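Chain by chain, the residues run as shown.
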Amino acid sequence: MNDVPKDRIKVALLGCGVVGSQVVRLLREDAEELAARVGAPVELAGIAVRRPQRHRDVPADLLTTDAAGLVARPDVDVVVELMGGLEPARDLLLDALKAGRSVVSANKALLAEEGEALATAARDSGADLYYEASVAGAIPLLRPIQQSLAGDRIRRVAGIVNGTTNFILSAMESTGAGYADALEEAGRLGYAEADPTADVDGYDAASKAAILASLAFHTRVTASDVHREGIREVTAADIASARSLGCTVKLLAICEQVPGGNGAAGDVVSARVYPAMIPKSHPLASVSGAFNAVFVEADAAGPLMFYGQGAGGPQTASAVLGDLVAAARNKVIGGRGPRDTAYAHLPIQPIGEVRTRYHVNVDVHDRAGVLAAVASVFAEHGVSIATVKQEGGREAADSGPGDDEDHGGGRGTDATLVVVTHEAPDAALRATVDALSGLESVRGVASVLRVEGLGRPVHALGGAQ
Ligand SMILES: NC(=O)c1ccc[n+]([C@@H]2O[C@H](COP(=O)([O-])OP(=O)(O)OC[C@H]3O[C@@H](n4cnc5c(N)ncnc54)[C@H](OP(=O)(O)O)[C@@H]3O)[C@@H](O)[C@H]2O)c1
């Protein structure tokens, strides 16, 4: 079915919201151009929505609430899914692919969860499966990873892939606002949904990390394989601490192929999402507001950076149209695009084995011996300290871990020890924090933030990485 060349391409559009309505607009406005690029006219066969009465700007005869019926129509060549959510999108796309219809989707949650099933269905029927718009909106990223870098070996993909959280963290940085105020501002300006959970708790970024890791390392990574922490706990004080160290705080999605630890043979994949300090000298540090940027490091190509608008109707529609043109061209010439290659079967590295540097604020009673007690807890757990700084208390002082002056005498006033570590496994740092909380001279561990150099030395933090 797929190999019979077509003289016109019929598209079933599932969803006509923020992105879908822009796809409809571009298909209409640029019909002639698109026909010339594809080699045949690209026409809408129908548009499935839930509430047709809300779509008065779309020809009524195209609208339907029967998405399954639309997908099953024999004249449909390509199904473009822009409805979101796992179901019914999953069943609809599997049905489409099994019937040999090519699929274009922007649905990161679905691709991260069901990428393998969808890719298998596409391979079995010879259909195309494209999903450029699912990660980083308008930015051409998946195709460069999958095709342009197909002959190279990618080691790391790291970036800012969620505009809402980047807007919030940028606002905290530029105005000194706390998390709640910055979130409210993001909502008011349309950068955060009424329910921001998927963004601020890192679910959206984790889905994108799963897709990126799968493509970059030719393996299968699902959203549940991705270690995920959101930005709710990031405070104005964390942002200020970062600034004083020449860093900024970003929600990062990091995917790496690294040698296995604990005696594991071969490489493993680490995929993780969390807020982290990065040096202001890193290109990702200057990515602010709702923009996205992804840093790719490959053996031969070296570092590459992809930057642009990661969301928005027209922006995301641009990526969808790019996929649609590719799928339509293949239908016209009777061919098919490149397949996902998930041959590597790499194990997932547990978060406890992931090595990073840490910035830890420890609230203490400022009195004799406290610095030595805190330093020895780090040492006992194998976490090497790069610098310690005391803030507050009777006097603030920069000091090394062995320098243990009596700043307060007796019970002392309250102070904060700002500790920056060398690289250590996450499990060791967690154990250190638990043990610190049990020290009589420690009032509490106020914050723990990872410090990611992303291939660059973090000079301001002291010590080698
Ligand atoms: N918005 C962005 O900037 C952006 C960026 C990148 C990726 N994406 C992805 O693109 C997809 C679409 O996002 P969006 O922002 O355009 O969503 P949206 O504005 O909420 O639109 C969803 C559309 O799907 C329709 N729909 C939902 N469930 C349906 C069902 N069961 N049957 C038929 N139609 C159904 C809705 O119909 P009604 O209008 O009748 O309710 C609506 O037209 C999502 O997967 C999203 O993650 C979005």
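Residues numbered from 1 in each chain as written. Predicted model: local features only at pLDDT ≥ 70, side-chain atom pairs only at ≥ 80, totals over all residues. Heavy atoms only, no water.

**Here's the deal with the packing of helix H7 (residues 163-175) against helix H8 (residues 179-188)**
And step 1. Taken N-terminus to C-terminus, the directions of H7 and H8 make an angle of 125°; their axes are 9 Å apart at the nearest point. Here H8 runs oblique to H7, going by the angle between their axes. The crossing of H7 and H8 is right-handed. Where H7 abuts H8, its residues Phe-167, Ile-168, Ala-171 and Met-172 lie against Tyr-179, Ala-182, Leu-183, Glu-185 and Ala-186.
And step 2. Residue composition of the contact of H7 with H8, by class: eight nonpolar, no polar and one charged. (Axes fitted to C-alpha atoms, helices over the stretch in contact; angles between N-to-C directions. Helix = DSSP H or I, 4+ residues; strand = E, 2+ residues; numbered from the N terminus. Parallel < 35°, antiparallel > 145°, perpendicular 65-115°, else oblique. Left-handed = near helix turned anticlockwise from the far one by under 90°. Contact = heavy atoms within 4.5 Å. Nonpolar A, V, L, I, M, F, W, Y, C, P; charged D, E, K, R; others polar.)

**Digging into the packing of aromatic side chains**
And step 1. Here the structure, examined in full by the defined rule, presents two aromatic pairs.
And step 2. Between the aromatic rings of Phe-167 and Tyr-191, the centroid separation amounts to 4.5 Å while the plane-to-plane angle is 25°, which identifies the pairing as stacked. Of this pair, Phe-167 sits in helix H7 while Tyr-191 sits in the loop between H8 and helix H9 (197-200); the two residues are 24 residues apart in sequence, bridging distant segments of the chain.
And step 3. Ring plane angle 10° and centroid distance 5.2 Å describe the contact between Phe-291 and Tyr-307, whose orientation is recorded as stacked. Residue Phe-291 is found in strand E11 (residues 291-298), and its partner Tyr-307 is found in strand E12 (residues 302-309); the two are separated by 16 residues along the sequence.
And step 4. Residue classification places Tyr-307 among the partly exposed positions, given a relative accessible area of 48%.
And step 5. For Arg-143, the ring lying beneath its charged end belongs to Tyr-130, and the centroid distance is 5.3 Å.
And step 6. Positioned above the aromatic ring of Tyr-274 is the side chain of Arg-450, whose terminal nitrogen or guanidinium carbon lies 4.0 Å from the ring centre. (Phe/Tyr/Trp six-rings, centres within 6.5 Å; stacked < 30°, edge-to-face > 60°. Buried < 20%, exposed > 50% of the residue type's maximum accessible area, 1.4 Å probe, protein only. Lys NZ or Arg CZ within 6 Å of the ring centre and 35° of its normal.)

**A few points about H8**
And step 1. When H8 is considered as a whole, its buried residues turn out to be Tyr-179, Ala-182, Leu-183 and Ala-186. Mapping the buried residues of H8 onto a view down its axis gives an arc of 100°, with all of them on the same face. Counted as exposed and oriented over 90 degrees from the buried face of H8: Ala-180, Asp-181, Glu-184 and Arg-188.
And step 2. Against the buried residues of H8 lie H7 and H9. (Arc of directions from axis to C-beta.)

**Brief notes about the environment of Lys-389**
And step 1. Residue placement: Lys-389 occurs in strand E14 (residues 385-392).
And step 2. C-alpha of Lys-389 to C-alpha of Val-419: the two residues are 30 residues apart in sequence and 6.5 Å apart in space.

**Quick notes on the sheet that holds strand E2 (residues 42-48)**
Note: strands within a sheet are paired through backbone hydrogen bonds, in either parallel or antiparallel orientation.
And step 1. Taken together, six strands build an open sheet; the order of strands is E3-E2-E1-E4-E5-E6 and the sheet is parallel. The open sheet terminates on both sides in strands that have one partner only, identified here as strand E3 (63-64) and strand E6 (129-130).
And step 2. Across six bridges, strand E1 (residues 9-14) lies against E2 in parallel orientation. Residue pairing across strands places Ala-12 opposite Gly-46, the latter belonging to E2.
And step 3. Helix H1 (residues 20-29) contacts E1 and E2 of the sheet and is inclined by roughly 155° relative to E2. (Pairing = 2+ DSSP bridges.)

**So, the site of the ligand**
And step 1. The immediate surroundings of the ligand are formed by 21 residues, with Cys-16, Val-19, Arg-51, His-55 and Gly-312 found nearest.
And step 2. Val-19 places a main-chain nitrogen or oxygen 2.9 Å from an oxygen atom of the ligand.
And step 3. Contact with the protein chains hides 79% of the accessible area of the ligand, taken as 910 Å² for the molecule alone.
And step 4. When its residues are assigned to classes, the shell around the ligand shows eleven nonpolar, seven polar and three charged. (Near = heavy atom within 4 Å. Polar contact = N/O pair within 3.5 Å; in protein donor to acceptor, adjacent residues only side chain to side chain. Areas by Shrake-Rupley, 256 points an atom, 1.4 Å probe, with all protein chains shown as cover.)

**So, the nonpolar core**
And step 1. Judged by nonpolar contacts, the single largest core of 82 residues is most densely connected at Leu-14, Val-79, Leu-141, Ile-154, Ile-168, Leu-212 and Val-296.
And step 2. Among the elements that line this core, the one with the most residues is helix H10 (residues 203-217), at ten residues.
And step 3. Ignoring anything within four residues of it in the chain, the contact list for Leu-141 reads Glu-132, Val-135, Ala-136, Leu-212, Val-294, Val-296 and Phe-306.
And step 4. With 36 residues, the next largest nonpolar core counts Ile-9, Leu-13, Val-38 and Val-58 among its residues. (Core = buried A, V, L, I, M, F, W, Y, C linked by side-chain atoms within 4.5 Å.)

**Remarks on the confidence of the model for the protein**
And step 1. Here the protein averages 92 in pLDDT, and 92% of its residues register 70 or above.
And step 2. Confidence drops under pLDDT 50 across residues 395-411; counting only partners more than four residues distant or on other chains, this segment forms 37 contacts. (pLDDT = per-residue confidence, 0-100.)

**Some details on the pattern of salt bridges**
And step 1. Taken as a whole and assessed by the stated rule, the structure comprises 29 salt bridges.
And step 2. Taking the shortest distance from any N to any O, the salt bridge between Asp-323 and Arg-143 comes out at 2.7 Å. Here Asp-323 is found in helix H12 (residues 313-333), whereas its partner Arg-143 is found in helix H6 (residues 142-148), with 180 residues between them in sequence.
And step 3. Within this structure, Arg-156, Glu-256, Arg-272, Glu-297 and Glu-452 form a network of salt bridges that share partners. (Salt bridge = Lys/Arg side-chain N within 4 Å of Asp/Glu carboxyl O.)

**A word on the side chain of Glu-452**
And step 1. As for its placement among the helices and strands, Glu-452 is situated in the segment after strand E18 (442-451).
And step 2. Side chain to side chain, Glu-452 and Arg-272 meet in a polar contact 3.4 Å long.
And step 3. One polar contact links Glu-452 to Tyr-274, side chain to side chain, over a distance of 2.5 Å.
And step 4. Apart from residues no more than four positions distant in its own chain, Glu-452 is found in contact with Leu-252, Ile-254, Arg-272, Tyr-274, Ala-276, Met-277, Ile-278, Pro-279 and Thr-356.

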